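Listed below are the residues making up each chain.
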Amino acid sequence: MKASILTIGDEILIGQIVDTNSVSIARHLNAAGIVVEEKRSVGDDAGRIAEAVREASARCEVVILTGGLGPTQDDITKKTLAQLYGSELVTDERVAAHVRGMLEARGIAFNELNRGQALVPACCEVLFNAHGTAPGMWFQRDGRVVVSLPGVPFEMEHLMEDQVMPRLKARFALRAIVHRTMITSGLAESMLAERIAPWENALPPHLHLAYLPSPGTVRLRLSAYEVDEREVAREIDERFEELRRLIPHYFIGFERASPEELVHEILTRRGLTLATAESCTGGRIASRFTAIPGASAYFRCGVVAYADRAKTALLGVDPAVIARCGAVSEEVARQMAEGARRAAEADYAVATTGIAGPTGGSEAKPVGTVWIAVASPRGTTALLKQCGTDRGQIIDRASAFAIALLRDELNGK
């Protein structure tokens, strides 16, 4: 069973908004055993939309569109689909009443543009949108299903979960697709591949392995298509258990687990506390921890000491050390971590100081140079990392390396 996802709107093509809808739709479809063959973005042009739907329907049993269902003249998806299927637009009274009620509750006048949102192709099945003014539409022809959904993400999500997926499961006999992901940290992709090669080579043909690297982690995804879900899920769990025993020190967890969640669990379980002192990462490390529910049990404070004066005044870094070694140095990173631990009366503190660029580098300390330190009851450990050349990449990588060093210190490495 194959599906195509089409996102409609010039705003996507010019980079004005990020398309998150296709990601969510793909997750829903894959979980039901429908393979997404393509994702495609199309501008607000009736001819191109119609062509894209025709081409997708020729290849796939399911086509899902989002966008272009609003009340203004550039929202043309509904009219285009009506023309494509040779259908007239008719008023759905339930939708009309719903739109009027929503607008009145917001103090917005109900005009002809809003009334037009209740117009739907006569040949479609209306998917009632309780969370917005644009209804979804379900078309069936020649064994194919075409679904048009609003582009507002939370409206689309509700319709996919509450109406589209139950209808697809009832309409088609679906076989399972199984995906399971293990999260690793501490080994680069190439080093990890070399380490687990015997395990990978022993995988049966129906299990497909994918490497998905990101700053600080490599995700390993095992997939199987059109299989007995329960049996293959058990087999994947067994294979991953073999792998976990092979690389125990680099295992983080499964699915969407993150290094900070592992550290969060360790700190919470042991009743330990944490502080951060950041320069080049600008609070990124602190934000990754405080985004996790329950962080207040252990997170004491985070200090963003960007200027040298702040490092001295807030963290007690010796100005003579800054003058002698430079702000980006092992000595300063150590004193930042120790100062944060002391000021917050925390068990552990992690610190970063580096050159995020694009300027400020030198031959001795190029852009991307970052010193990381962790202060603990056993002492202070420092680590030098080269984190790339792009500012965003440097911040992401330095934050990931800092959390990994903290995890190692907590584990006594």
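Please refer to the structure higher up on the page.
Residues numbered from 1 in each chain as written. Predicted model: local features only at pLDDT ≥ 70, side-chain atom pairs only at ≥ 80, totals over all residues. Heavy atoms only, no water.

Draft legend 1. Looking closely at the pairing of strand β9 (residues 176–184). Counting buried positions along β9 gives seven out of nine residues, so the element sits mostly inside the fold. The pairing of β9 with strand β11 (residues 217–227) spans nine bridges and is antiparallel. Residue pairing for β11: T184 is matched across the bridge by V218. (Buried < 20%, exposed > 50% of the residue type's maximum accessible area, 1.4 Å probe, protein only. Helix = DSSP H or I, 4+ residues; strand = E, 2+ residues; numbered from the N terminus. Pairing = 2+ DSSP bridges.)

Draft legend 2. Structural context of the side chain of T276. When you line up the elements, T276 lands in strand β13 (residues 274–278). Residues contacting T276, with those up to four places away along its chain left out, are I285, A286, F299, C301, G302, V303, A340 and V350. (Contact = heavy atoms within 4.5 Å.)

Draft legend 3. Quick peek at the nonpolar core. L274, F289, L315, L406 and L410 are the most contacted members of the largest nonpolar core, which has 53 residues in total. Here this core takes eight residues from helix α16 (residues 391–410), the largest share from any one element. If we skip the residues at most four places from it in the chain, L410 touches V263, I266, L267, R270, L272 and Y348. Among the nonpolar cores identified, the runner-up in size contains 21 residues, and A3, V62, I64 and L127 belong to it. (Core = buried A, V, L, I, M, F, W, Y, C linked by side-chain atoms within 4.5 Å.)

Draft legend 4. Spotlight on the packing of aromatic side chains. For the structure on display, the rule yields five aromatic pairs. Their ring planes at 15° and their centres at 4.9 Å tell us that Y85 and F139 sit as a pair that is stacked. Of this pair, Y85 sits in the loop between α4 (77–84) and β4 (89–91) while F139 sits in strand β7 (residues 136–141), placing them 54 residues apart in sequence. A relative accessible area of 2% places F139 in the buried class. (Phe/Tyr/Trp six-rings, centres within 6.5 Å; stacked < 30°, edge-to-face > 60°.)

Draft legend 5. Summary view of the pairing of strand β17 (residues 379–386). Summarising the sheet, strand β16 (residues 369–376) and β17 pair through eight bridges and their orientation is antiparallel. Note on β17: the bridge partner recorded for A373 is A382. Once β16 ends, the chain turns through two residues before running back antiparallel as β17.

Draft legend 6. Region of the structure containing the sheet that holds β9. An order of β10-β11-β9-β12 is seen for the four strands of this open sheet, with the pairing classed as antiparallel. Every interior strand has two partners, whereas the edge strands, β10 (208–214) and β12 (251–254), have only one. The sheet shows a mean angle of 25° between the axes of neighbouring strands, direction not considered. (Axes fitted to C-alpha atoms, helices over the stretch in contact; angles between N-to-C directions.)

Draft legend 7. Region of interest: the side chain of N129. With respect to the helices and strands, N129 occurs in the loop between β6 (125–127) and β7. Take N129: its relative accessible area is 3%, and that puts it in the buried class. A polar atom in the side chain of N129 sits 3.0 Å from the backbone nitrogen of H131. There is a polar contact of 2.8 Å between the side chain of N129 and the side chain of E155. The contacts of N129, once residues within four sequence positions are left out, are H98, A134, P135, P150, E155 and L159. (Polar contact = N/O pair within 3.5 Å; in protein donor to acceptor, adjacent residues only side chain to side chain.)

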